[in-house]
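Secondary and tertiary structure notes
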Amino acid sequence: MTDLPQRTMTEQVMARLRDMILSGELAPGSRLDQNDLARRFGVSLVPLREALARLQSSGLVRIVPHRGVFVEALSVEELLDIYQVREALEELAARLAAPRLSADDLATLDRLKIEMEKTAKIDDFDALLDLHRNFHFTIYRAAGRRHLLQLIAQLWDLSARYRHFQLYAFPERMRTSLFEVQAILEACHRRDPDALALLVRYKVHQTVVSLLDVMRREPAAASPVNGKHINEQ
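Cut-off values and rules
- Numbering of residues starts from 1 in each chain and follows the order in which that chain's sequence is written.
- A pLDDT threshold of at least 70 governs which residues receive local features in this predicted model, and a stricter bar of 80 or more applies before side-chain atom pairs are shown or counted, although totals over entire chains, interfaces and linings include all residues.
- Side-chain calculation: all heavy atoms of the structure are included, whereas hydrogens and water are not.
- Between N-to-C directions, angles cover 0 to 180 degrees, with each direction set by a line fitted to C-alpha atoms, over the stretch in contact for helices.
- For the purposes of this entry, the term helix denotes a DSSP run of H or I that reaches at least four residues, the term strand denotes a run of E that reaches at least two, and both are numbered from the N terminus.
- Roughly parallel means an angle under 35 degrees; roughly antiparallel, over 145; roughly perpendicular, 65 to 115; everything else is oblique.
- A clockwise turn of the near helix away from the far one marks a right-handed crossing, whereas an anticlockwise turn of less than a right angle marks a left-handed crossing.
- Pairs of residues are marked as contacts when any of their non-hydrogen atoms sit within 4.5 Å.
- When residues are sorted by character, Ala, Val, Leu, Ile, Met, Phe, Trp, Tyr, Cys and Pro go into the nonpolar class, Asp, Glu, Lys and Arg into the charged class, and all the rest, Gly among them, into the polar class.
- DSSP calls a pair of strands paired once it identifies at least 2 bridges connecting them.

We now examine the packing of helix H2 (residues 34-41) against helix H3 (residues 45-57). With their axes 9 Å apart at the nearest point, H2 and H3 run at an angle of 110° to one another. By the criterion of interaxial angle, the relationship of H2 to H3 is roughly perpendicular. Between H2 and H3 lies a crossing whose hand is right-handed. Across from Gln 34, Asn 35, Leu 37, Ala 38 and Phe 41 in H2, the residues of H3 making contact are Leu 45, Leu 48, Arg 49 and Leu 52. Grouping the amino acids of the contact of H2 with H3 by side-chain chemistry returns six nonpolar, two polar and one charged.

Structure, rendered in structure tokens:
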């Protein structure tokens, strides 16, 4: 058993569980075996349960009395809730960022775009998602609005499970999105706030359209959410 302080153990367990949920290793709607997880992580049940309680507050797991702990299922309702807010906040961040993008920011965006194209060719979806996030947050950080950036980051964390599901069910979407990335990159180089804001919002919206289509077609998406399935909502 580790000698790390209790608080540190809880945070480390929470980080590992979060990564497993966001990557899809712990499937949406699945029941978590707490004893098994405690053995895997080499910790007692105390920090594990504290970590699960925190993950419930962030919307990633659901603790059901007398039944256990479940990974929150994917749902159309949550999808729309997350992405509609993302559209508004990311449009604002892009508009604020456009005139503030530095030469270093633009060089970073150019590099990330090239890396995304290379990674897309070999279907390394996890790496592609990381590059995609770095690309967008390079833009948003230029806005210089700390709280706005924190809110967007939280929403990206919540939407990561949907993006991961989408890529494995519909890999063509990421390749298509590279055309949108190119248009965004060009608007960044022009430092055009109206164009950049519009393109960012359009890209987020197209992701929603694609995800809705995938979730309605894929049986794996129909995980129970509070007694309902996706195709019943």
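So, next bit.
In a beta sheet, neighbouring strands are held together by backbone hydrogen bonds and run either parallel or antiparallel to one another. Taken in spatial order, the three strands make up an open sheet running E1-E3-E2, and their pairing is antiparallel. Two strands lie at the open edges of the sheet, namely strand E1 (31-32) and strand E2 (61-64), each paired on one side alone. Bridge analysis of E1 against strand E3 (residues 68-71) gives two bridges, and the strand direction is antiparallel. Within the sheet, the bridge partner assigned to Arg 31 lies in E3 and is Phe 70. In the packing of H3 onto the sheet, the strands contacted are E1, E2 and E3, and the crossing angle to E2 comes to about 115°.

So, about the pairing of E2. Of the strand pairs in this sheet, E2 and E3 are connected by four bridges, and their pairing is antiparallel. Among the inter-strand pairings, Arg 62 is bridged to a residue of E3, identified as Phe 70. The loop that links E2 with its antiparallel partner E3 comprises three residues; one of these, His 66, has a positive phi angle of about 70°.

These results come straight from atomic positions and should not be treated as a statement about function.
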